[in-house]
Amino acid sequence: MTSPLEKFEADRLAKLRKIEALGLDPWGGRFENHQPISKVRALPLAEGDPFAVGPRVRIAGRIHTIRRMGRIIFLDLVDATGKIQVLIGQKQVPEKDWSLCDCLDLGDWLGVDGHFGKTKTGELTIFATQLHFLTKSLLPHPDKWAGIADTEFALRHRYLDLLYNADVRERALWRIRFLAHIRDYLNRLGYLEVETPVLQVIAGGAAARPFVTHHNALGIDLYLRIALELHLKRLLVAGFEKIYEIGRVFRNEGISPRHNPEFTMLELYEAYGDYHTMMELTEKLILSCVDLLGKGRQLKLGNTVLDFSPPWKRASYADLFREYIGVDWQDTEGVFRAAQRYGIDATNMERDVVVHYLFEKIIGDQLQGPIFVYDYPASLCPLTKRKRDNPELAERFELYIQGMELANAYTELNDPITQEAAFRRQLAGLPEEESMARMDEDFLQALKYGMPPAGGLGIGIDRLVMVLTGSRTIRDVILFPLLRPEKRSGIS
RNA sequence: GAGGGCGUAGCUCAGCAGGCAGAGCAACGGACUUUUAAUCCGUAGGUCGCGGGUUCGAAUCCCGCCGCCCUCACCA
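Residues numbered from 1 in each chain as written. Chains lettered and ligands numbered in written order. Predicted model: local features only at pLDDT ≥ 70, side-chain atom pairs only at ≥ 80, totals over all residues.

Enquirer: Pulling in residues and values, what's your account of the overall build of chain A?
Expert: Each helix and strand in chain A was counted, giving 15 helices and 19 strands. Rg of the C-alpha trace for chain A: 29 Å, well past the compact-globule value of 23 Å for 492 residues, more than 25% over. Its C-alpha atoms put chain A at 90 × 55 × 50 Å along the principal axes. Residues counted as buried form 34% of the 492 residues belonging to chain A. Long-range pairs, those at least 24 residues apart, make up 65% of the contacts in chain A between residues at least 6 apart in sequence. (Helix = DSSP H or I, 4+ residues; strand = E, 2+ residues; numbered from the N terminus. Rg over C-alpha atoms; globule rule 2.2 N^0.38 Å. Buried ≥ 20, exposed ≤ 12 C-beta atoms within 10 Å, placed from the backbone. Contact = placed C-beta atoms within 7 Å.)

Enquirer: Requested: an account of the pairing of strand E18 (residues 404–411), with residues and values cited.
Expert: Both faces of the sheet carry side chains from a regular strand, because those side chains alternate between them. With six of its eight residues buried, E18 lies for the most part within the structure. Between strand E17 (residues 390–401) and E18, which pair antiparallel one after the other, the connecting turn spans two residues, and Gln402 there sits at a positive phi close to 55°. Bridge count for E18 against strand E19 (residues 454–460) is five bridges, and the pairing is antiparallel. Across the sheet, Thr411 pairs through a bridge with Gly455, a residue of E19. (Pairing = 2+ DSSP bridges.)

Enquirer: Before we move on, can you summarise unusual backbone geometry with the specific residues and values?
Expert: Residues Pro310 and Pro311 are joined by a peptide bond in cis, for which omega reads -5°. Relative to the elements of secondary structure, Pro311 occurs in the loop between strand E13 (304–307) and strand E14 (313–316). Of note, the bond from Gly369 into Pro370 is cis; its omega dihedral lies within 30 degrees of zero at 0°. Positive phi, close to 65°, is recorded for Asn33, a residue that is not glycine. Structurally, Asn33 is set in the loop between helix H1 (4–21) and helix H2 (37–41). We note that Tyr272 has phi near 70°; this positive angle belongs to a residue other than glycine. Summarising the element assignment, Tyr272 is placed in the loop between strand E11 (262–271) and helix H9 (275–293).

Enquirer: So, the nonpolar core: which residues are in play, and what are the values?
Expert: Membership of the largest hydrophobic core comes to 82 residues, with the highest contact counts inside it found for Phe397, Leu406, Ala409 and Leu464. Of the residues forming this core, the biggest block, seven residues, is contributed by H9. Ala409 has contacts with Tyr275, Met278, Met279, Thr282, Arg396, Phe397, Gly455, Gly456, Leu457 and Gly458, leaving out every residue within four places of it along the chain. Within the second largest apolar cluster, 24 residues are counted, among which are Leu75, Leu104, Val112 and Phe116. (Core = buried A, V, L, I, M, F, W, Y, C linked by C-beta atoms within 7 Å.)

Enquirer: Go over the protein's contact with RNA strand B, please, and point to the residues and values.
Expert: The immediate surroundings of RNA strand B are formed by 67 residues, with Pro4, Gly70, Thr119, Thr121 and Glu405 found nearest. Every element with two or more residues in the surface near RNA strand B is listed here: H1, strand E1 (56–68), strand E2 (72–79), strand E3 (82–89), helix H5 (151–156), helix H12 (351–363), E18 and helix H15 (461–469). Here the surface near RNA strand B is composed, by residue class, of 23 nonpolar, 19 polar and 25 charged. (Near = placed C-beta within 6 Å. Nonpolar A, V, L, I, M, F, W, Y, C, P; charged D, E, K, R; others polar.)

Enquirer: Describe the pairing of strand E9 (residues 220–224), listing the residues and the values that go with them.
Expert: For strand E7 (residues 199–200) and E9, the ladder comprises two bridges, and the chain directions are antiparallel. Across the sheet, residue Gln200 finds its bridge partner in E9, namely Tyr223. By the bridge criterion, four bridges tie strand E8 (residues 212–215) to E9 in an arrangement that is antiparallel. What sits directly across from His214, in E9, is Asp221. Once E8 ends, the chain turns through four residues before running back antiparallel as E9, passing Gly219 with a positive phi of about 65°.

Enquirer: Account for the sheet that holds E7, with residues named and values stated.
Expert: The three strands are arranged E7-E9-E8 in an open sheet whose pairing can be described as antiparallel. At either margin of the open sheet sits one strand with a lone partner, and together these are E7 and E8.

Enquirer: Could you give me a rundown of helix H13 (residues 416–424), with the residues and numbers involved?
Expert: For H13, the complete set of buried residues consists of Gln419, Ala422 and Phe423. One side of H13 carries all its buried residues, which in axial view fall inside an arc of 100°. Seen from the open side of H13, the exposed residues pointing more than 90 degrees away from its buried face are Ile417, Ala421 and Arg424. The inward-facing, buried residues of H13 contact helix H14 (441–448). (Arc of directions from axis to C-beta.)

Enquirer: Requested: an account of helix H10 (residues 317–325), with residues and values cited.
Expert: Of the residues making up H10, those classed as buried are Tyr317, Leu320, Phe321 and Ile325. Looking down the long axis of H10, one finds its buried residues gathered within 100° of arc, a one-sided arrangement. Residues of H10 that are buried sit in contact with E14, helix H11 (332–341), H12 and strand E15 (371–377).

Enquirer: I'd like to hear about the confidence of the model for chain A, residue by residue, with values.
Expert: With 97% of its residues at a pLDDT of 70 or more, chain A shows a mean pLDDT of 91. The weakest mean pLDDT in chain A belongs to helix H3 (residues 50–53) at 84; the strongest belongs to strand E6 (residues 192–193) at 97. Across residues 488–492, where pLDDT falls below 50, the model places zero contacts with residues more than four positions away in sequence or in other chains. Scored by ipTM, the complex comes to 0.89, with pTM at 0.91. (pLDDT = per-residue confidence, 0-100.)

Enquirer: Which residues make up the environment of Pro382, and what values do they have?
Expert: Structurally, Pro382 is set in the loop between E15 and strand E16 (386–387). Sequence-wise, Pro382 and Glu420 are 38 residues apart; in three dimensions their C-alpha atoms are separated by 9.2 Å. Ignoring sequence-local partners within four residues, the contact set of Pro382 consists of Ala422, Phe423, Met436 and Ala437.

Enquirer: Tell me what's going on with the sheet that holds E3, and back it up with residues and numbers.
Expert: One closed barrel holds the five strands; their spatial order is E1-E2-E3-E5-E4, and the pairing between them is mixed. Adjacent strand axes in the sheet meet at a mean angle of 55° when their direction is disregarded. As paired strands, E1 and strand E4 (residues 109–118) are joined by seven bridges and run antiparallel to one another. Bridge pairing in E4 links Arg56 to His115. (Axes fitted to C-alpha atoms, helices over the stretch in contact; angles between N-to-C directions.)

Enquirer: Break down the environment of Gln130 for me, citing the residues and quoting the values.
Expert: In this structure, Gln130 sits in strand E5 (residues 124–135). Sequence separation of Gln130 and Asp97 is 33 residues, and the distance between their C-alpha atoms is 6.8 Å. Filtering out sequence-adjacent residues up to four positions away, Gln130 remains in contact with Val93, Pro94, Asp97 and Asp113.

Enquirer: Describe the domain arrangement of chain A, naming the residues involved and giving the relevant values.
Expert: Parsing chain A into structural domains produces domain 1 (4–135) and domain 2 (164–312 + 369–477). On a C-alpha basis, the centres of domain 1 and domain 2 stand 49 Å from each other. (Domains from an automatic or database assignment.)

Printed below as a string of C-alpha cells:
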C-alpha cells in the first residue's frame, strides 16, 4: 500500500513528467535579469490597461498561494525581499505556458515576465506575459496560515521554519547583521581577523570537556577546540598587536536553553592593553549593536527591561559576594558555612572552589545586568595576570546580562614561570576536565619567547544575539541546533 | 543526569467518564477571466510515536522504550 505522502509525491512526479513533456526542465537553470520583488512593488504605477502601459518586469520566486479562476489564475510569488501577486490569463500567455499552469503547485519556483500594475481591486500585480519554470517541489508544504507550531517539527525542518515563520527568519537575519556589524566595527578600529586551528592536540583556554576525534594518517587523537585563547596569544608572541577571531568552539556538555554543544565565540586580544581596555571596548561594541537594533537603549527581555545606557554597572567580585552571600570570600570558615546553608556539598573542596560554586549558583543567575563583575579570586583564573598590589586577585571581569555570562576578559598572564605554576596547580574538588589549568608545553614555550602585556576578551556571540533579539533559548539564534537523531521506527 | 508535560492525516488541531478515526488548510476530479485565507459541487487521505499489558472492546486506562519541550543540575 502507498502512504498518503507517497501518493502526494507520485502526483507531483506525474506533473514533473508533464513539464518535461512540454519540453521544459523541471529543475530549471540560470535565470538572469530578474528584479527583487520589493523593488518591483516600488515602481511607479501608470493609468490604464496594465498590459498596455505597465512597465515590463521580470521576477523569480516561490509559489506561495494559487487561486485558479477558470481561464485566469492568481499566484502569490515570494522571493527573499517580499511577495507579489501574479495574474496569468489564458489569452495573455503562450499556449505552452497555459499548459504549464496545470503543473504548478505550492512551493514550486517560477520566473515570470510581465507588466507591473494594479488589478481592479487595487492589488499590486504582475500581469504575466511569459512563464519560466524553475524548480518543482515534491513534498507538501506546511499550512500557509497556521505555519509550523510543533517545535520538534520546526527544529528538524528548519528550512521550512525559516520559510513560513517570519519571526524565525527575522531573527536569523538579525544575527547576520550583528555579525557583519561586529566585524566592521572591529576592523575599523584596526583589529585583524585571524583564523586558528579547530583540531588541537591539547584543548585548552577554558574549563570544559572537549570532543575527541581521530586523525587517521597521523594515527593520533585530536580534540575540537573549547576556546580560541591559546593560539591567539601565540599570535601576540608573533608580533600581531590587535587581533580577533570569530569562530565555532565545541564543548562536550549538556544541551539547554542556554547551551549548544557548538557555539560561536568572539575572542579578541590587544597588545599593551589590560582588562580595563577590554571593558571599555566591550561596552562600546555591545552598545553599538544595541544602537544598530534601533529600538533605543532599553531592551525588553521577557518580563524585564534592561537598560544599556552607559556606563554599565560595575561591581567587584568581593563586594557582590559579600552582598549576596553575607561573608567575605576570603573568610574560609564563613564560606564553608554558607555552602552548608545553600546545600552545597563542600567536602574535600578547596575554599576557592566553594567560592566559585557559590557565585555561579547563587549570584550569577540573579544578575540582570548589564553589569561588569571584576577582580576574581586568582586561583580560579590560571590564565590571568594577578593584581600587582594584591596577588590574591586576578585582573579579570565578566559581563552578566539576564543571569548569563556574556563576556569574559583578562589582563593576560604573560609570565611563563607563573603560567607554568598555574597550569600545575590543580584545585582540590574541581574535576580535572573542568579545570582551566591544563598543561600546554608548546604554549609555555611560546610565552618564553615573550608575549607583550595584553588585554584579552571573549564574547559569547549566540548569547549576545539572544539578548539583542529577545530570544528565550539559544536554539532561536542558531540555525541548526543539535538534535538527537530521530530513530525511524519499524524497518530501518 | 533527575522530575513534569507532550506525541492523532502532509500542516494546524479536535476526539481521551473505553464503544465505527474527525475538522480546517493542503491534495485529487469538476465549474468559473479581477481573486485576496476566492467560492461552489464531488473524491480520496490514518502504524492515533513504538512495543507490551488490562478489557468482549484501547487513540483513550497501565507498564516499558523513543523523540521533543519545560524545570533543575553542569557549563559560556
